[in-house]
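A structural walkthrough
This is what each chain is made of:
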Amino acid sequence: MEMNSKSCIVDAITFIRGKAINRYRSPPKDLPINNDAFPGMFDNVIYGVEVIEVFKLPTETDIKIGDTVKAVTRAIGAMCGGNLPLDTDILITGRQNGKSEIKFGLCNFQAAFSSLTNVQLEGIRGQYDCKCKIYPWQSDPTKKVDTCYMDEFPGYDTTCLWKYGRCSQGESGACNWDVEQNNSCRNPTRN
């Protein structure tokens, strides 16, 4: 199933289901500092990913099911490097970096496809509310009505919110969390 490329999930972000079939390291081109002082620190890891399903693509790309794309990340976690286990069916999100290249890292979401909940699958297939944004914490003391914050829901485990919660706009126009598994998401230490 392909999701419309004009889906409301952040425009520049790519969401694909794929399987990493190979991996290699490569020093980045045009590095502004001397890589010899920190050997390998600025290297990239490049995965060849066989595309199984396409959920969201920027309009300027033409990735299709069956294509093999490059998924590029930094070699070490301290530089936001991510990891794709080989031969694993996985959801990969990242930024488009050329017609058939995705740049991803620790700040993007990657998960074994079999671990995704029905709520997450419905969301990436088009059910997320496009009028609402999600932020990890509320830095401004005044809540923005178009935003759900991960830390605004006391008593709930944020991992559980990612798996079972949906931020959606209510009748008042304000965005709020709707959690299907609300009892199992309760965090007894934060009541």
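Residues numbered from 1 in each chain as written. Predicted model: local features only at pLDDT ≥ 70, side-chain atom pairs only at ≥ 80, totals over all residues. Heavy atoms only, no water.

Some points on the side chain of Thr73
On the secondary structure map, Thr73 appears in strand E3 (residues 68-74). For Thr73, a relative accessible area of 2% corresponds to the buried category. Among the polar contacts made by the side chain of Thr73, one reaches the main-chain amide nitrogen of Gly82 at a distance of 2.7 Å. The residues touching Thr73, leaving out its near neighbours within four places in the chain, are Asp43, Asn44, Val45, Tyr47, Cys80, Gly81, Gly82, Phe104 and Gly105. (Helix = DSSP H or I, 4+ residues; strand = E, 2+ residues; numbered from the N terminus. Buried < 20%, exposed > 50% of the residue type's maximum accessible area, 1.4 Å probe, protein only. Polar contact = N/O pair within 3.5 Å; in protein donor to acceptor, adjacent residues only side chain to side chain. Contact = heavy atoms within 4.5 Å.)

Some points on the environment of Arg74
If you trace the backbone, Arg74 turns up in strand E3. A C-alpha to C-alpha distance of 6.7 Å links Arg74 and Phe42, two positions 32 residues apart in sequence.

Looking at the packing of aromatic side chains
All chains considered together, the criterion is met by 2 aromatic pairs. Here the aromatic rings of Tyr47 and Phe104 are separated by 6.0 Å at their centres, their planes lie at 50°, and the arrangement is tilted. Here the residue Tyr47 occupies a position in strand E2 (residues 44-56), and Phe104 occupies one in the loop between strand E5 (101-103) and strand E6 (110-112), the gap between them amounting to 57 residues. By the burial criterion, Tyr47 is buried, and Phe104 matches it. (Phe/Tyr/Trp six-rings, centres within 6.5 Å; stacked < 30°, edge-to-face > 60°.)

Here's the deal with the state of the cysteines
Here is the idea: a disulfide is a covalent bond, and it sits between the sulfur atoms of two cysteines. On inspection of all chains with the given rule, the structure shows 1 disulfide. In this model Cys148 forms its disulfide with Cys167; the gap between the sulfur atoms is 2.1 Å. Handedness of the Cys148-Cys167 disulfide follows from its S-S torsion of about 85°: it is right-handed. Here Cys148 is found in strand E8 (residues 147-149), whereas its partner Cys167 is found in strand E9 (residues 165-169), with 19 residues between them in sequence. Of the residues examined, Cys148 reaches a relative accessible area of 0% and is grouped as buried. (Disulfide = S-S within 2.5 Å.)

Here we look at the confidence of the model for the chain
Mean pLDDT for the chain: 77, with 71% of residues reaching 70 or above. Counting contacts from residues 1-11, a segment whose pLDDT is below 50, to residues more than four positions away or on other chains yields 28 contacts. (pLDDT = per-residue confidence, 0-100.)

Notes on unusual backbone geometry
A positive phi angle, near 55°, is found at Asp87, a position not held by glycine. Considering the arrangement of structural elements, one finds Asp87 in the loop between E3 and strand E4 (89-96). With a relative accessible area of 57%, Asp87 lands in the exposed category.

Concerning the pattern of salt bridges
Counted according to the given criterion, the structure contains 5 salt bridges. In this structure, the salt-bridge partner of Arg17 is Glu53, at a minimum N-O distance of 3.0 Å. Of this pair, Arg17 sits in strand E1 (residues 13-26) while Glu53 is found in strand E2, placing the two residues 36 residues apart along the sequence. The buried category is assigned to Arg17, whose relative accessible area is 19%. Given a relative accessible area of 6%, Glu53 falls into the buried group. The salt bridge involving Asp43 is made with Arg25; its shortest N-O contact spans 3.6 Å. Here Asp43 is found in the loop between E1 and E2, whereas its partner Arg25 is found in strand E1, with 18 residues between them in sequence. Its relative accessible area of 12% is what places Asp43 among the buried residues. Through salt bridges with shared partners, a single ionic network connects Arg17, Glu53, Asp89 and Arg125. (Salt bridge = Lys/Arg side-chain N within 4 Å of Asp/Glu carboxyl O.)

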